[in-house]
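An overview of the molecular structure
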Amino acid sequence: MGAVIDLDRLLDQRRVWRGRQAQARPQGLQPTGHASLDERLPEGGWPAAALSELLLVRPGSGELQLLWPTLARLSGEGGRVVLVSPPFIPFAPAWQAAGIDLRWLFQVDAGTTDTLWAAEQCLRSGSCAAVVCWPERADDRALRRLQVAAETGQALAFACRGQAAMHNPSPAALRIAIDARPPQWRVLKCRGGMPPAQPIACSRQG
């Protein structure tokens, strides 16, 4: 996996990346890699160039299993994947076993108050295919900034938060609660249609 890097260095690579970006990610087609979930989402996958919220029982309780197929696809296309303030040190062999090209995986360690700012800058840079962040706190204004930044940079944005936030309104285009027992996904909000009435059993791959 790429070493922990500073944000300025990541953004400095912006011009090198833009030439490949248009080839790597066709607009409007961002499958999750889980067929059972894609079939239930109005856009057939993640909303393109938008913020998706993953609401967790606790950090590390299913978000990687949900995201790994997408991150493997994007990194395999030469898309930069950035993890901002992950709660645990990523175990490189596990990421590699999940299909992620470690040459395109980067980590930004930001303080509690800087996690959302760092994620926003990465998204706005246009140098990233996907940005995954774990903010400890996020209000409506901060989430709106992430949504706008994802649109600006034409990237997938993922904010992993506690399930206590599900009762608060959110500007995210998609909100999915990840339950541990039973292991299932509950789509709480989705752009372009009504959320599925029933939970979706978790799958390891599509």
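Read on for a plain summary of the structure. (Residues numbered from 1 in each chain as written. Predicted model: local features only at pLDDT ≥ 70, side-chain atom pairs only at ≥ 80, totals over all residues. Heavy atoms only, no water.)

What about the state of the cysteines?
Under the convention used in this document: In this description, the term disulfide denotes a pair of cysteine sulfurs within 2.5 Å.
For the coordinates displayed, the defined rule picks out zero disulfides. Lacking any disulfide linkage, C122 is separated from the closest cysteine sulfur, that of C128, by 4.9 Å.

Side note on helix α6 (residues 115–124)
Heads up, the rule is: Summary of the burial criterion: residues with accessible area below 20% of their type's maximum are buried, those above 50% are exposed, and those between are partly exposed, where the area comes from a 1.4 Å probe applied to protein chains only. Secondary structure elements follow DSSP: runs of H or I no shorter than four residues count as helices, runs of E no shorter than two count as strands, and numbering proceeds from the N terminus.
Summarising burial for α6: seven of the ten residues are buried, a large majority. What α6 keeps buried is the set T115, L116, A118, A119, E120, C122 and L123. The first or second residue beyond α6 is G126, which carries a positive phi of 75°.

Remarks on the packing of α6 against helix α7 (residues 140–153)
The following threshold applies: For every element, the axis is a line fit to its C-alpha atoms; helices are fit only across the contacting stretch, and the angle between N-to-C directions ranges from 0 to 180 degrees. Geometric relationships in this document are graded by angle, where less than 35 degrees denotes roughly parallel, more than 145 denotes roughly antiparallel, 65 to 115 denotes roughly perpendicular, and other angles denote oblique. Crossings are sorted by hand: turned counterclockwise from the far helix by less than a right angle, the near helix makes the crossing left-handed, and turned clockwise it makes it right-handed. Contacts were defined at the residue level, with two residues in contact if any of their heavy atoms lie within 4.5 Å. Amino acids are sorted into nonpolar (Ala, Val, Leu, Ile, Met, Phe, Trp, Tyr, Cys and Pro), charged (Asp, Glu, Lys and Arg) and polar (every other residue, Gly among them).
Viewed as axis vectors pointing N to C, α6 and α7 meet at an angle of 20°, and their least axial separation amounts to 7 Å. By the angle between their directions, the pair α6 and α7 is classed as roughly parallel. Crossing of α6 over α7 shows left-handed handedness. Two secondary-structure elements touch here, α6 through L116, A119, E120, L123 and R124 and α7 through A142, R145, L146, V148, A149, A150, T152 and G153. Residue composition of the contact of α6 with α7, grouped by class: eight nonpolar, two polar and three charged.

Some remarks on the pattern of salt bridges
Here is the rule: One speaks of a salt bridge when a side-chain nitrogen belonging to Lys or Arg is within 4 Å of a carboxyl oxygen belonging to Asp or Glu.
Applying the stated criterion across every chain, the model contains eight salt bridges. For E53, the salt bridge goes to R175, with nearest N and O atoms at 2.8 Å. In this pair, E53 is assigned in strand β1 (residues 51–56) and R175 in strand β6 (residues 174–179), connecting sequence segments 122 residues apart. Of the two residues, E53 and R175, neither departs from the other in class, the shared state being buried. For R124, the salt bridge is made with E120, and the minimal N-O distance between the two is 3.0 Å. Taken together, the positions of R124 and E120, both in helix α6 and four residues apart, correspond to about one turn of that helix. What makes E120 buried here is its relative accessible area of 5%. Taken together, the salt bridges that share partners define one network made up of E53, R161 and R175.

Some details on unusual backbone geometry
Cis geometry marks the peptide bond from R181 to P182, where omega comes out at -5°. With respect to the helices and strands, the residue P182 is situated in the loop between β6 and β7 (184–190). Although it is not a glycine, S85 adopts a positive phi angle of roughly 55°. Within the element layout of this structure, S85 appears in the loop between β2 (81–84) and α5 (92–97). The phi angle at Q154 is positive, at roughly 50°, despite the residue not being glycine. Within the secondary structure, Q154 sits in the loop between α7 and β5 (156–162). Its relative accessible area of 27% is what places Q154 among the partly exposed residues.

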